[in-house]
Amino acid sequence: MSNPLADMEKPEVIFAIGTNMTECHPVAATRLKRALRSGAKMIVADPRRIPLAEAADLYLPLRVGTDVALLLGMAHVIDREGLVNREFMEARTEEAEAFLEHVRQFTPEWAQSICGVPAADIERAALMYARAERGAIYYTLGITEHICGVDNVQSLCNLALMTGHIGREGTGINPMRGQNNIQGAGDCGALPNNFPGFQPVTDPAHAKRFSEAYGREIEAVKGITKVQALDRAAHGELWAMLICGENTLVSDPDRDHCDKALRALDHLVVIDLFRTETAELADVVLPATAWGETDGVFTNTERRVQRVRAAVPPMGQAKPEWWIVAQIAKRMGSPGFDWQSPQEVFDELCSLSGIYKGLDWEKAGTAAYHWPVPEPGHPGTPRLHEHDFPTASGRGKFVRVGFRDPAEVVSERFPVWLTTGRRLQHYHTRTMTGRAGMHYFVPEEVLEVHPDDVAAWGLQDGQWCRVSGSKGAVEMKVQANDRSPRGTVFCSFSFGDVPVNVLTGAGYDPITETAELKVCPVRVEAVAR
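Residues numbered from 1 in each chain as written. Predicted model: local features only at pLDDT ≥ 70, side-chain atom pairs only at ≥ 80, totals over all residues. Heavy atoms only, no water.

Caption draft 1: Quick look at the packing of aromatic side chains. Taken as a whole and assessed by the stated rule, the structure comprises nine aromatic pairs. Look at F195 and F210: their rings are 4.4 Å apart centre to centre, the planes differ by 15 degrees, and that puts the pair in the stacked class. Separated by 15 residues along the polypeptide, F195 in strand β7 (residues 194-195) and F210 in helix α12 (residues 204-214) bring together distant segments of the chain. In this pair, the class of F195 matches that of F210, namely buried. An aromatic cluster of three or more residues is present, and its members are F195, F210 and Y214. Sitting above the plane of the F210 ring, R209 keeps its charged end 5.8 Å from the centroid. Seen from the ring of W323, K319 lies directly overhead, with NZ or CZ sitting 5.1 Å from the centre. (Phe/Tyr/Trp six-rings, centres within 6.5 Å; stacked < 30°, edge-to-face > 60°. Helix = DSSP H or I, 4+ residues; strand = E, 2+ residues; numbered from the N terminus. Buried < 20%, exposed > 50% of the residue type's maximum accessible area, 1.4 Å probe, protein only. Lys NZ or Arg CZ within 6 Å of the ring centre and 35° of its normal.)

Right, dumping it as structure tokens:
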């Protein structure tokens, strides 16, 4: 997030797109509710009429996979109506005039023909956001899990740069992180393209520095993604894998391919709290401690660095992940893993990462710092981009993007759009919530279908249906409700016995290799059980 969580209560206009925040981030969403009670206006763009849409002043029910078209239409209106923040653009951006010339071809009427949102509502959304003194954008995986995920994010950044809604209180581009420490994992270098602190691995200077720090030669070459790793495993080009804290078999797209890849490995090691579906395929399962049994550091969605402290002793033979990984490395003969405590691990991170350089174990214990903290004595940076951007010129760069269809589109054979997501009652793959009594509230997976489609397709509420796509089929019960529009159905991927990701994975973003989990053409038909 560019802005702290506290700023969620301060926008004049909130633009929430591709985020079912009240179900996926219910605690953070309470701040938006406070903002609305204080008079803020909210625009919600989502294919489904999610609970957040019920509280919106303007709801934009766009077709799945058409975010870029909607955002181009909004940018066109902002330029056409003279609402561009010229002072901000001239002082702090580049490529502005080329971008404005680019968006002049994308009228609201053009956008309507693609995304299905009335042109008048596109215009109204653009005017609301651009005229606000403080406009803030919030998004989650509904924006990124597409073959055009990068284009979607860049389109949102373009809106913020056009209006100057960045670097100030109650503004910003704010992606809500999906797990409690996913931000911290990226900070530590759990990415194929970055060393810790988001230092590009392709920079020879960074490679030299980390080679010296780690005591072995590191090439200035980008590593492979998980998508590439599974592909190589399936083709016999990768023989061993360690999976830590992820139920890959259930959460990843193209489940059949994933299952084939994991089974093809000579050796699979899984580190987890429970014996998940993925752990069932492992040659070795190493039990990890849960958050309440662990000392360490989490960095949350607002970049706040904070200590976690063990409240109870570990069960059985469970150990912290850092200790397990270090022990494996030492037994493999790798130097540099002689840590005796999580403090030593964190202090090493601070010594190598520019955004953590001013932190240490004690400062993390105060939970008072947002990175970057570039030097000792620095107060931290709750709000990014107040004075410049992390580019060579220090300016924000407009990016010209165009609309493209999803990897697969509806057809006579597969005439229905399927989109997937999470539910309030079950977190991700139910590794924890499925063992914590939450099944009482949602005991099984269901397919949400509009009541008119239930009747038209010969289905019955509460009865079984088969959902088929180009990659496979899965069966589940029908739940008739009008949350999704006609022609679009929804389910979660939480239940291992209903492997929805058998259907997904037709395409990937060419830059991030993020799978298109939010768009999948399917056929829905009744089955007898």
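After presenting the structure, the write-up continues.
Caption draft 2: Geometry of the domain arrangement of the protein. Here the protein is described as being made up of domain 1 (5-176), domain 2 (179-223 + 291-308 + 336-374) and domain 3 (416-526). Here the C-alpha centroids of domain 1 and domain 3 sit 27 Å apart. Contact residues are listed per partner, giving 22 residues for domain 1 and 23 residues for domain 3. Buried area between domain 1 and domain 3, both sides added, is near 1,800 Å², and the carbon and sulfur share of it is 60%. Its largest share of buried area at the contact with domain 3, domain 1 owes to R48, E145 and I147, together 36% of the area lost on that side. Between domain 1 and domain 3 we count three salt bridges in total. Between R483 and E23 there is a salt bridge; the shortest N-O distance is 3.0 Å. Breaking the side of domain 1 that touches domain 3 down by element, the ones donating at least two residues are α1 (21-24), α9 (141-144) and α10 (149-163). Grouping the amino acids of the side of domain 1 that touches domain 3 by side-chain chemistry returns 10 nonpolar, seven polar and five charged. (Domains from an automatic or database assignment. Contact = heavy atoms within 4.5 Å. Buried area = accessible area lost by both parts, 1.4 Å probe. Salt bridge = Lys/Arg side-chain N within 4 Å of Asp/Glu carboxyl O. Nonpolar A, V, L, I, M, F, W, Y, C, P; charged D, E, K, R; others polar.)

Caption draft 3: Fine view of empty space enclosed by the protein. One pass over the structure, following the stated rule, counts two cavities of 30 Å³ or more. Estimated volume of the largest cavity: approximately 380 Å³. Lining the largest cavity are 27 residues, with G18, D46, G142, T420 and K518 sitting closest to its centre. Counting only elements with at least two residues in the lining of the largest cavity, the list comes to α9 and β16 (416-421). When residues of the lining of the largest cavity are assigned to their parent elements, the largest contribution, three residues, is made by β16. For the lining of the largest cavity, a count of residues per class yields nine nonpolar, 12 polar and six charged. No fewer than three residues from each of domain 1 (5-176) and domain 3 (416-526) sit in the lining of the largest cavity. Reported here for the second largest cavity is a volume of approximately 40 Å³. L71, L72, A75, F99, V103, S155, N158, L159 and V401 together form the lining of the second largest cavity. Elements with a contribution of two residues or more to the lining of the second largest cavity: α4 (67-80), α6 (96-103) and α10. The class makeup of the residues in the lining of the second largest cavity is seven nonpolar, two polar and no charged. (1 Å grid on protein atoms, 1.4 Å probe; cavity = no way out; pocket = protein on both sides within 12 Å on 5 of 7 lines; lining within 4 Å. Points joined across faces, edges and corners; volume = space filled by probe spheres on them.)

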